[in-house]
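The lines below spell out each chain.
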Amino acid sequence: MADASFDIVSKVDHQEADNALNQARKEVEQRYDFKGTGASIDWSGEAILIKANTEERAKAVLDVFKEKLVKRQLSLKILDAGDPRPSGQLSKISVALKEGITTEDAKKIGKLIRDEGPKGVKAQVQGDELRVSSKKRDDLQAVQQLVKEQDYDFAVQFTNYR
């Protein structure tokens, strides 16, 4: 029997992120506490740009956006939010979306699987993802549970399970 395998990846569902941003924009436009504050949230290329007339309002808009991401089952670990910076009359926050697993993070996960995972499970780095393979599917499920229990600073998904 051939080896069973799956990939450990860190990807952003851009459609869901866009939906969350649109919901946050609508809420910011309608909420009374944001009236007259110049508060807005929009795409700026691949990043998200939040603007408001004070730092507190800008942070509040970011909180609304985070709330919408959580409701759409997106991890907050995909966000890389900068600090609020003054820009003329407005305060701005740039938020990047983190995608992909860095080589050193992939090595950390590979070492965890070798040290604590079931015997006979192999992990190899393939670009910005990690392929895990084994002869037994039960071992792969044990590895998934092991990786889920860890607290990494990036979102983890399992794809290509075969």
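Residues numbered from 1 in each chain as written. Predicted model: local features only at pLDDT ≥ 70, side-chain atom pairs only at ≥ 80, totals over all residues. Heavy atoms only, no water.

A. Structural view of unusual backbone geometry. A positive phi angle, close to 55°, is found at Gln 73, a residue other than glycine. Here Gln 73 is to be found in the loop between α2 (55-71) and β4 (79-81). Under the relative-accessibility criterion, Gln 73 is labelled exposed at 71%. The backbone phi angle of Asn 160 is positive, close to 60°, even though this residue is not glycine. Within the element layout of this structure, Asn 160 appears in the segment after β9 (157-159). (Helix = DSSP H or I, 4+ residues; strand = E, 2+ residues; numbered from the N terminus. Buried < 20%, exposed > 50% of the residue type's maximum accessible area, 1.4 Å probe, protein only.)

B. View of the nonpolar core. One finds Ile 41, Ile 48, Ile 50 and Phe 65 to be the most contacted residues of the largest nonpolar core, which totals 26 residues. Broken down by secondary-structure element, the contributors of at least two residues to this core are α1 (14-30), β3 (47-52), α2 and β6 (90-97). Ranked by residues supplied to this core, first place goes to α2 with 7 residues. Not counting residues within four places of it along the chain, the set of residues in contact with Ile 41 comprises Leu 21, Ala 24, Arg 25, Ile 48, Leu 49, Ile 50, Val 61 and Phe 65. Formed by 17 residues, the second largest nonpolar core is a distinct cluster that contains Ile 8, Ile 109, Val 147 and Tyr 152. (Core = buried A, V, L, I, M, F, W, Y, C linked by side-chain atoms within 4.5 Å. Contact = heavy atoms within 4.5 Å.)

C. Inspection of the pattern of salt bridges at higher detail. Considering all chains together, one arrives at 12 salt bridges under this definition. Its salt-bridge partner being Asp 42, residue Arg 25 comes within 3.1 Å of it at the nearest N-O pair. Here Arg 25 is found in helix α1, whereas its partner Asp 42 is found in strand β2 (residues 40-44), with 17 residues between them in sequence. For Arg 25, a relative accessible area of 24% puts it in the partly exposed group. (Salt bridge = Lys/Arg side-chain N within 4 Å of Asp/Glu carboxyl O.)

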